[in-house]
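Breakdown of the fold
Chain residues, written in single-letter form:
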Amino acid sequence: MNPNDDFTLNPIYEYSIILIPKNTNGKQKEADGAIHFSCTFVYTERMRIEHLIFDLDNTLYPASAAMDAGITRRMRECIMDFFHENAEAAAERRLRNIKNFSTTLEWLRHEGMNNVEAYFAHVHPQNEADELESDERLRPFLQAIPIPKIICTNAPREHAERVLAKLNVRDLFDDICDIRDFNLQGKPYASAFQTALKKADATIDDALFLDDLVKYTNGYAAIGGTSVLVGTQNGKPLSKDAAALFKGVPPHPGRTFRINSVYELPDLIERLQNE
């Protein structure tokens, strides 16, 4: 590349430009008094984090919470009812099929289920927050991170509102993106992430996305984002034939980091901003 050529670099990241004299047989090339250089751009990946996009379940609270077991049990009941089979058969059927779909809801709709609101009402009853213990550490923890935050969930908004109210952190999030906002095509569809970014007034380059499921962090990284995989119960990646897989070309490579709990986030933010 000629140093005088026009080029465009992403302003969110820092780049180093290294000019190296070209040599032939140990001698520097010269023509009409000019020195010829090769130009190397080093992508240092120092990120300016201006927005945080949080998953909700098993991210803001641990996967060991009773709510996770309750949601799983009620989803299984919907599968049992739809296929007219027992709990064991329903669990096995879901395990065989979920790798091809973004959510259990997407899979059941593919199978012909059309009463989505009844599904939401059963999986997320009004008293579901009783399954969740309060966490007195969470509010001051989030308050200490001076970065705008939104929720991005594949659950309905009413579930997110109940959980955030139980955790006493609803006012700390500027907005909620739920499965209805995504027209029922949630994470990891690229359109879902784009909807969340738009609602946050963010870009793929300045928003950090946190989730407990690898198929969702993979999805955000696939479109060029920086994602954070939270916890140790992370599920499995989508199959290569899943419709939700992003098949386009990202503006630049994405990446994923891992933390054991959301409480490790400040250290990661500091690391990313000081690389």
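As a starting point, this report considers the structure included with it. Given the structure is predicted, the values throughout are model-derived calculations rather than measurements. (Residues numbered from 1 in each chain as written. Predicted model: local features only at pLDDT ≥ 70, side-chain atom pairs only at ≥ 80, totals over all residues. Heavy atoms only, no water.)

Below, the discussion takes up the nonpolar core. Judged by nonpolar contacts, the single largest core of 52 residues is most densely connected at L52, F54, Y119, F173, L208 and L265. Per element, the largest residue contribution to this core is 6 residues, and it comes from helix α1 (residues 66–83). Contact partners of F54, with chain neighbours within four places excluded, come to L60, L142, K149, I150, I151, C152, F173, L210, V262 and L265. Ranked by size, the runner-up nonpolar core spans 22 residues in total, among them Y189, A202, Y216 and A244. (Core = buried A, V, L, I, M, F, W, Y, C linked by side-chain atoms within 4.5 Å. Buried < 20%, exposed > 50% of the residue type's maximum accessible area, 1.4 Å probe, protein only. Helix = DSSP H or I, 4+ residues; strand = E, 2+ residues; numbered from the N terminus. Contact = heavy atoms within 4.5 Å.)

Below, the discussion takes up the sheet that holds strand β9 (residues 175–177). Taken together, 6 strands build an open sheet; the order of strands is β9-β8-β7-β10-β11-β12 and the sheet is parallel. In this open sheet, the two strands that pair with only one neighbour each are β9 and β12 (255–259). Each neighbouring strand pair of the sheet contributes to a mean axis angle of 25 degrees, computed without reference to strand direction. Alignment of strand β8 (residues 149–152) against β9, held across 3 bridges, turns out to be parallel. From the neighbouring strand, I151 faces β9, where its bridge partner is I176. Against the sheet, helix α6 (residues 157–166) engages β8 and β9, with an angle of about 135 degrees to β9. Running at roughly 170 degrees to β9, helix α7 (residues 190–200) makes contact with β7 (51–54), β8, β9 and β10 (207–211) of the sheet. (Pairing = 2+ DSSP bridges. Axes fitted to C-alpha atoms, helices over the stretch in contact; angles between N-to-C directions.)

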